[in-house]
Amino acid sequence: MAYRKTHTVEARLADNRKRILAAARALVAEGGWPEAQVSHVAAAAGLATGSVYRYFPSKADLFVEVLSTVSQREVDVIEAIAEGEGTPAQRLNAAVTTFVVRAMRNRRLAYALIAEPCEREIDEARLTYRHAISEQIMRIVRDGQARGEFRAGIDPSIAATVIVGGFMEGLIGPLSPLNADFAGSGDGGEAVRVLAGQIAEVCCAAVAVFPTLG
C-alpha cells in the first residue's frame, strides 16, 4: 500500500519550504547571493543543511525560486498599473516610478535581483521576468500609440525593451552596495523621489510624440 502524506505532514513540509525561502530572501537582502549559502539559509530557517536539499536540489534552484517569487510580485504591480486608470503616458510614468521606488526600498535585494553577478540559472530567470515586465510596458505603449499619445513609427516591443533596459540600467548605480548616496533613503526620501521622477521622464521621452515646428 502506497504511503500517503497526512495533512499534518503536508502542512509541515509546506511550512519548512516557506521558512527556507524566507530565510534565503532575508540573507540575499543583507548581503546578496554570496551571503545566502545553503548552510546559512538552513541555520536561519532552523533546519539542518541536508533538509534544505529535500526542497531544493541545488543552491541555484533555491536562488531561482527566491528571484521568481520576488520578481513575480513586481510583474503583478506593473500589470495592475498597465490595466489601471489614467492616460498611457500617466500609466507609463507610474509604472517606471513605482518600479524604481520599490527597488530602492530594499536596495541590496534589488541589486542582487537585477545586476549582481550570478550563476547561469539565475541569469536565465532574470531574463524571463525582465521579459514579463517588458510585456506589460508594451501593452501601455500599444495603447498610447492607438490613442496618438506615443510615436506610431516605433515597434512596441522594441520600445518596451528600451524602456525596461533604461530604467533597470539607471538603477544599477543607485542600488550598488558601494553607493552611499542613498543610505537611509530606502523608505522613499526626497532623493529617491527625484531619482524615480527623472528616470521615468527619460523613459517616457523615448516614446513621446515629437512637437511640430512652425
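In this text the structure is predicted, and so the values were computed from the model without any measurement.

K.L.:
Now, about the overall build of the protein chain: what can you tell me, with residues and values included?
P.N.:
A count of helices and strands for the protein chain gives nine helices and zero strands. Going residue by residue from the N terminus, the α and β elements of the protein chain occur as α-α-α-α-α-α-α-α-α. Residues classed as buried in the protein chain amount to 43% of the 214 residues present. A sequence separation of at least 24 residues applies to 72% of the contacts in the protein chain between residues at least 6 apart. Accessible surface, the protein chain as shown: approximately 11,400 Å² in total, 55% of it carbon and sulfur.

K.L.:
Now, about the pattern of salt bridges: what can you tell me, with residues and values included?
P.N.:
Considering all chains together, one arrives at 12 salt bridges under this definition. The closest approach of N and O atoms between Arg 108 and Glu 116, which form a salt bridge, is 2.6 Å. When its relative accessible area of 17% is taken as the criterion, Arg 108 is described as buried. The residue Glu 124 makes a salt bridge to Arg 120 at a minimum N-O spacing of 2.8 Å.

K.L.:
Report on the nonpolar core, specifying residues and quantitative values.
P.N.:
One broad rule of soluble globular proteins: the nonpolar side chains tend to lie buried together. Counting residues in hydrophobic clusters, the biggest one holds 67 residues, and the most contacted among them are Leu 62, Ile 137 and Phe 167. Per-element tally for this core: the top contributor is helix α4 (residues 59-82), with nine residues. Sequence-distant contacts of Ile 137, defined by excluding residues within four places in its chain, comprise Ile 78, Leu 92, Ala 95, Ala 160, Ile 163 and Val 164.

K.L.:
So what about the side chain of Ser 71? Which residues, and what values?
P.N.:
Relative to the elements of secondary structure, Ser 71 occurs in helix α4. Ser 71 sits in the buried class, given a relative accessible area of 13%.

K.L.:
Help me get a handle on the environment of Ile 199, residues and values and all.
P.N.:
Among the structural elements, Ile 199 can be located in helix α9 (residues 190-205). On the basis of relative accessibility, which here comes to 11%, the residue Ile 199 falls in the buried class. Distance in space between the C-alpha atoms of Ile 199 and Met 168 is 9.5 Å, their sequence separation being 31 residues. For Ile 199, the residues in contact, after removing those within four places along its chain, are Val 96, Val 100, Phe 167 and Gly 170.

K.L.:
Can you break down the environment of Ala 152 residue by residue, with the values?
P.N.:
Mapped onto the elements of the fold, Ala 152 is located in the loop between α7 (120-146) and α8 (156-175). Taking relative accessible area as the criterion, Ala 152 reaches 66% and is therefore assigned exposed. Separated by 11 residues in the primary sequence, Ala 152 and Val 141 have C-alpha atoms spaced 9.6 Å apart.

K.L.:
I'd like a description of the packing of α7 against α8, backed by residues and values.
P.N.:
Relative orientation of the contacting elements α7 and α8 amounts to 125 degrees, with a least axis distance of 8 Å. Classified by the angle between their axes, α7 and α8 sit oblique to one another. Where α7 crosses over α8, the two elements pack in a sense that is right-handed. For the pair α7 and α8, contact is made by Arg 130, Ile 133, Ser 134, Ile 137, Met 138, Val 141, Arg 142 and Gln 145 and by Pro 156, Ser 157, Ala 159, Ala 160, Thr 161, Ile 163, Val 164, Gly 165, Phe 167 and Met 168, respectively. Tallied by class, the residues present in the contact of α7 with α8 amount to 11 nonpolar, five polar and two charged.

About the cut-offs
- Residues numbered from 1 in each chain as written.
- Predicted model: local features only at pLDDT ≥ 70, side-chain atom pairs only at ≥ 80, totals over all residues.
- Heavy atoms only, no water.
- Helix = DSSP H or I, 4+ residues; strand = E, 2+ residues; numbered from the N terminus.
- Buried < 20%, exposed > 50% of the residue type's maximum accessible area, 1.4 Å probe, protein only.
- Contact = heavy atoms within 4.5 Å.
- Areas by Shrake-Rupley, 256 points an atom, 1.4 Å probe, with all protein chains shown as cover.
- Salt bridge = Lys/Arg side-chain N within 4 Å of Asp/Glu carboxyl O.
- Core = buried A, V, L, I, M, F, W, Y, C linked by side-chain atoms within 4.5 Å.
- Axes fitted to C-alpha atoms, helices over the stretch in contact; angles between N-to-C directions.
- Parallel < 35°, antiparallel > 145°, perpendicular 65-115°, else oblique.
- Left-handed = near helix turned anticlockwise from the far one by under 90°.
- Nonpolar A, V, L, I, M, F, W, Y, C, P; charged D, E, K, R; others polar.

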